[in-house]
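Here's the letter readout for the chains.
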Number of protein chains: 2
Amino acid sequence: MTKAAADLAVAEIGSFFVGGVQAVVSGLPPRSLTLVPGSPPVDIDPNGRFVAGQMYVQFVRLTERRAAHPLLLWHGGGVTGATWETTPDGRPGWQMAFLRYGHDVYVSDAVERGRAGWSRYPEIFPGEPFFRQAREAWSLFRIGPTEGYADDELGRRPFVPQRFPHHALDALAKSFVPRWSGTEALAVAAYERLVERIGSCVIVGHSQGGQFAWQVALRRHGDVRALILLEPGGVPDFDGLDSERIANIPTLLLWGDHLETVPFWAATHRRVREACDALAAQGADVTWIDLPQRGITGNSHFLMMDDNSDEIAALVQAWMISRGLAT
Amino acid sequence: MTKAAADLAVAEIGSFFVGGVQAVVSGLPPRSLTLVPGSPPVDIDPNGRFVAGQMYVQFVRLTERRAAHPLLLWHGGGVTGATWETTPDGRPGWQMAFLRYGHDVYVSDAVERGRAGWSRYPEIFPGEPFFRQAREAWSLFRIGPTEGYADDELGRRPFVPQRFPHHALDALAKSFVPRWSGTEALAVAAYERLVERIGSCVIVGHSQGGQFAWQVALRRHGDVRALILLEPGGVPDFDGLDSERIANIPTLLLWGDHLETVPFWAATHRRVREACDALAAQGADVTWIDLPQRGITGNSHFLMMDDNSDEIAALVQAWMISRGLAT
């Protein structure tokens, strides 16, 4: 690669918060807290007005954008925007890949995740969050069979073929953050504010983020110029939707390997397929790719971290070019 | 500014996680959770092995670095690395300022904050976190007097002069994340791993991050080439420290205005000053700047967000140049 190609001419790197509502907490007893070790404790009143349901968005704007619209990268459940950055085994991720392709890239942390912060529960957020462990990730994300997991990475036996850098599973586990169930409406509301703020855009959504992207695209179909859904975690509610609204949004879906090993993914793959077939019957522009059927085998749920992540990014870029969204 | 000066030639933007230990949770009852609305609930076993105490680090590496060492920006308590990005009122922050000055910049999220994630409590993390509200930030960060706060931004009466963009306090509040008391040792351990990984570096630490930077610099004095402490939240434990170790690390301290309005800051300013006087008496290279004494009045605790944030960055850069750390 020549030096000119290796450099990235950046106009600005920055961030902002979007969405959020005021929430009032009352009736809790005061508590005493030592904020600085060695200093006397201070009295804290846990009651008052808090902001809740905001999300965090980081952008990298190029000096010469070659893509038609900003590219929004929306992560999945239990992780943050770090999903799109360096892979667990240290290779440049999709944020860099699409910057190099000439897109302005917006990487966000959904409501409750990462830099978006989270709120007191059960007073503001519902119930309690859950925490993901490496063992669960191993099977749920289809890195290997349940019985192939071991706490010691040397003892792990992944699926063969397996493209996720499975020796770096513990690095992936460091990127896990707690997640709630029941905050979906807050997340979608903040994502809607994001799209409203950006205007015309292309959304890449992974897993739960794919489902969110779909929902938001249907609400803001004038702004969302394309949807790229990487193993979306579910389908949105299409009830009452007119077909023109759908046909305006070209949609690409990508699926990895070993889906049949996890009932959740087997069922989701089937359910999303049915929804897409119905959309296509209404005239929607839907491109469905099962990677194994193209001879690309061994991909995990984290397509953008697998050892062929650049190849898959190139496939996405080619699709965007075919739809006039990139050059 | 010419176009060439406005562009930033970036080699790579990326991130990694560092630090962290394995923690085992046992004896908790299983729970049932609906991960995807509309899908049947799944049984979750909350017991098992989790990673805890890791931190998140994002880097921007330039193609032509003009500074001697990477610059590490460490945020304060109850916030994340977003502190260093765009200011609450939308101006480029210190991440951009020091990139433009030619530094490779590493912005991190400390243990328990932002993209670093957090762990189940009280099983892994101690006690429960606390949540900061705008009202508390208004007075603690010296934006205005307690009685000058109002929930409606139009009703707020800040200190005069006041350089924090006080009409954007609600935007600042969206960047607050819960914080614990009692996780300091975990945070320092992860920061130590970070410095070990980076090697020679200059650390800019704000508030609690300044205190952490000081502690880590004393442990890894061979790597830390300079310390820039913005209103550090306290002093490290100097017991048993040899003066040579300190004298090797040039240190700049910066303080804003209205310190006397908050007992915590008045006492901390005094306590840190005493520690610095003792260090200077041992031959350490300590530069102490009370901004009001230079005629720069009205700065809040968030110096890097105030309306003269570029001016203060320039002051820091000039000090680094004077110490041979930048050009």
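Above: the structure in question.
In this text, all values refer to a predicted model and were calculated from it rather than measured experimentally.

### As for the overall build of chain A
Okay, so step 1: Scanning chain A from N- to C-terminus turns up 9 helices and 10 strands.
Okay, so step 2: For 327 residues, the compact-globule estimate of 2.2 N^0.38 gives 20 Å, and chain A sits close to it at 21 Å.
Okay, so step 3: Based on the C-alpha atoms only, the size of chain A along its principal axes is roughly 65 × 50 × 50 Å.
Okay, so step 4: By residue count, 62% of the 327 residues in chain A fall in the buried class.
Okay, so step 5: Of all intrachain contacts in chain A linking residues separated by at least 6 positions in sequence, the fraction that spans at least 24 positions is 74%.
Okay, so step 6: Here chain A displays about 11,700 Å² of accessible surface, and carbon together with sulfur accounts for 51% of that area.

### Topic: the packing of helix α5 (residues 184-198) of chain B against helix α6 (residues 208-219) of chain B
The angle between the axes and the distance between the axes are what describe a pair of packed helices.
All names here are of chain B.
Okay, so step 1: In the contact formed by α5 and α6, the axes pass within 9 Å of each other and the chain directions differ by 60°. One finds that α5 runs oblique with respect to α6. Read as a crossing pair, α5 and α6 show a hand that is right-handed. Residue-level contacts link Glu184, Ala187, Val188, Tyr191, Glu192 and Val195 of α5 to Gln208, Phe212, Gln215, Val216 and Arg219 of α6.
Okay, so step 2: Classifying every residue of the contact of α5 with α6 gives 6 nonpolar, 2 polar and 3 charged.

### A short note on the relation of the copies chain B and chain A
Okay, so step 1: Taken as rigid bodies, chain B and chain A are interconverted by a rotation of 180° and an axial shift of 0.0 Å, the fit giving an RMSD of 0.0 Å. A rotation of that kind, with that shift, is consistent with a two-fold axis. Rotation axis and chain B: the residue whose C-alpha lies nearest the axis is Gly114 of chain B, separated from it by 2.0 Å.
Okay, so step 2: A shared binding surface is used by both copies, with 100% of the interface residues of chain B retained as interface residues in chain A.

### Some details on the interface of chain B and chain A
Okay, so step 1: Counting from both sides, the interface comprises 78 residues of chain B and, opposite them, 79 residues of chain A.
Okay, so step 2: Carbon and sulfur atoms supply 53% of the area buried between chain B and chain A, which totals about 6,200 Å² over both sides.
Okay, so step 3: Summed over the three residues of chain B that lose the most area to chain A, namely Arg115, Trp118 and Lys174 of chain B, the buried surface amounts to 14% of that side.
Okay, so step 4: Seen at the junction of chain B and chain A, the total is 8 salt bridges.
Okay, so step 5: Across the pair Asp151 of chain B and Arg49 of chain A runs a salt bridge, and its minimum N-O distance is 3.3 Å.
Okay, so step 6: Remark: the boundary between chain B and chain A carries 34 residue pairs in polar contact (both at pLDDT 80 or more).
Okay, so step 7: Here the residues of the side of chain B that touches chain A sort into 35 nonpolar, 23 polar and 20 charged.
Okay, so step 8: Judged from the 3 bridges that link them, strand β1 (residues 8-25) of chain A and strand β1 (residues 8-25) of chain B form a sheet pairing that is antiparallel. Following the sheet pairing, Val10 of chain A is matched in β1 of chain B by Leu8 of chain B.

Calculation criteria
Residues numbered from 1 in each chain as written. Chains lettered and ligands numbered in written order. Predicted model: local features only at pLDDT ≥ 70, side-chain atom pairs only at ≥ 80, totals over all residues. Heavy atoms only, no water. Helix = DSSP H or I, 4+ residues; strand = E, 2+ residues; numbered from the N terminus. Rg over C-alpha atoms; globule rule 2.2 N^0.38 Å. Buried < 20%, exposed > 50% of the residue type's maximum accessible area, 1.4 Å probe, protein only. Contact = heavy atoms within 4.5 Å. Areas by Shrake-Rupley, 256 points an atom, 1.4 Å probe, with all protein chains shown as cover. Axes fitted to C-alpha atoms, helices over the stretch in contact; angles between N-to-C directions. Parallel < 35°, antiparallel > 145°, perpendicular 65-115°, else oblique. Left-handed = near helix turned anticlockwise from the far one by under 90°. Nonpolar A, V, L, I, M, F, W, Y, C, P; charged D, E, K, R; others polar. Least-squares fit on C-alpha atoms with pLDDT ≥ 70 in both. Buried area = accessible area lost by both parts, 1.4 Å probe. Salt bridge = Lys/Arg side-chain N within 4 Å of Asp/Glu carboxyl O. Polar contact = N/O pair within 3.5 Å; in protein donor to acceptor, adjacent residues only side chain to side chain. Pairing = 2+ DSSP bridges.

In short, geometric facts, not functional conclusions.
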